[in-house]
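# Remarks on the overall topology
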Amino acid sequence: MPGLSQRRLLPLLLVAAAAFSGPALTAAQPPATPPASPSASWADLADLADSAPLVVQAQVRKQVRVEPERAAGVRPGWGRFYFEAKTVSLLAGDSIIGESLRYLGDLPLDARGKAPSLVKKQELLFASALPDRPGELRLITPDAHLPWDPASESKLRAILPELLSASVPPRITGVREAINVTGELAGQSETQIFLSARDNAAAAISVTHRPGAAPVWGVSWSEVAEGGKPPPRETLRWYRLACFLPPTLPRGTNLSESIAEKAQADADYRLVMSELGACPRLRR
């Protein structure tokens, strides 16, 4: 996460910088109609939330196309837009934001060069505040605004506390080394897989084989490859592994001595990745 790389947006257009002052959104207002299909998977939401200082639920009140000549870096088939929105809820972040928000974001265009209208719809914004410009946000990527729906909000409300906890697992960057050691009994062995992580953190996976029993594996969030359990799916610990580890052991990382031990370490790594399962992403 993988992590996402931030793309810097253009300053907001001065001609459209006045904040919208409309009727306040009340709790009695009917919720926005959910989209027909999900726009983001669990992993997509985790990608965005993991990189965003602010996560805001907002209702769009105004949408204005930015002239293409003033919208540098927009991907083909997309357009850049200036938005004014009303804050509905601050889901995460310690910055003070007001009731009115302004930001730039990109939207896909149809065959006629038209973008969907988001006016009156609710969005999830993954952004940072601009300290010198009250009410203005900078999305962490030009498309880091997603349609709000109850399911996405529910997933985010489960992801965000994990990201903010004191025991948040480190961001895994790859496999450092793996080794299989054969035990004294036939069918007995252990594979230890040491992972690399950001900020000099570490994690390790162990796979244990005992005669007459199915292999058992777990992950520990330290240099010690012992103990631990497989992480439940759609948790931050699962995400750190399933979404960022390569599908097979990279060349040169298997340090097992014999051919049989090397083969077992490779097989054990594939077992772990198979049980973690795929990490689907819907965002391009």
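Quick caveat: nothing in here was measured; it's all calculated off a predicted structure.

### A word on the overall build of the chain
- Looking only at helices and strands, one finds four helices and ten strands in the chain.
- Tracing the chain from N to C terminus, the helices and strands come up as α-β-β-β-β-β-β-α-β-β-β-β-α-α.
- For the chain, long-range pairs separated by at least 24 residues make up 67% of all intrachain contacts whose partners lie at least 6 apart in sequence.
- Summed over all atoms, the accessible surface of the chain reaches about 14700 Å², with 55% contributed by carbon and sulfur.

### Brief notes about the state of the cysteines
- The final tally for this structure, using the stated rule, is one disulfide.
- A disulfide bridge connects Cys243 with Cys279, and the sulfur atoms are separated by 2.0 Å. The S-S bond linking Cys243 to Cys279 shows a torsion near 95 degrees; that makes this disulfide right-handed. Here Cys243, found in the loop between α3 (236-242) and α4 (259-276), pairs with Cys279, found in the segment after α4; they are 36 residues apart in sequence, far enough to count as distant. In this pair, the class of Cys243 matches that of Cys279, namely buried.

### Notes on the pairing of strand β2 (residues 78-92)
- Summarising burial for β2: twelve of the 15 residues are buried, a large majority.
- Relative to β2, strand β1 (residues 54-65) runs antiparallel, the two being bridged by ten bridges. Across the sheet, Arg65 pairs through a bridge with Phe81, a residue of β2.
- Pairing of β2 with strand β3 (residues 100-108), which is carried by nine bridges, proceeds in the antiparallel orientation. Residue pairing in the sheet places Phe81 in a bridge with Gly105 of β3.

### Things to note about the pattern of salt bridges
- Under the criterion given, the structure shown has eleven salt bridges.
- Where Asp143 meets Arg75, a salt bridge forms, and the shortest distance between an N and an O atom there is 2.8 Å. Of the two residues, Asp143 sits in the loop between β5 (137-139) and β6 (145-147) while Arg75 sits in the loop between β1 and β2, which places them 68 residues apart along the sequence.
- The buried category is assigned to Asp143, whose relative accessible area is 13%.
- Where salt bridges share partners, they join Asp50, Arg171 and Arg240 into one cluster.

### As for the nonpolar core
- Of all hydrophobic cores here, the largest spans 61 residues; its most connected members are Phe126, Leu156, Leu195, Ile205, Tyr239 and Leu245.
- If you tally residues by element for this core, the top one is helix α1 (residues 42-51), at six residues.

### Observations regarding helix α2 (residues 150-164)
- Here α2 is 15 residues long and its end C-alpha atoms lie 22 Å apart, about the 21 Å a rise of 1.5 Å per residue gives.
- Taken residue by residue, α2 has Ser152, Glu153, Leu156, Ile159, Leu160 and Leu163 as its buried positions. Projection of α2 onto a plane perpendicular to its axis shows the buried side chains occupying an angular sector of 130 degrees, all on one side.
- The N-terminus of α2 is capped by Asp149, whose side-chain oxygen sits 3.0 Å from the backbone nitrogen of Ala151.

Cut-offs applied
Residues numbered from 1 in each chain as written. Predicted model: local features only at pLDDT ≥ 70, side-chain atom pairs only at ≥ 80, totals over all residues. Heavy atoms only, no water. Helix = DSSP H or I, 4+ residues; strand = E, 2+ residues; numbered from the N terminus. Contact = heavy atoms within 4.5 Å. Areas by Shrake-Rupley, 256 points an atom, 1.4 Å probe, with all protein chains shown as cover. Disulfide = S-S within 2.5 Å. Buried < 20%, exposed > 50% of the residue type's maximum accessible area, 1.4 Å probe, protein only. Pairing = 2+ DSSP bridges. Salt bridge = Lys/Arg side-chain N within 4 Å of Asp/Glu carboxyl O. Core = buried A, V, L, I, M, F, W, Y, C linked by side-chain atoms within 4.5 Å. Expected span 1.5 Å × (residues − 1). Arc of directions from axis to C-beta. Polar contact = N/O pair within 3.5 Å; in protein donor to acceptor, adjacent residues only side chain to side chain.

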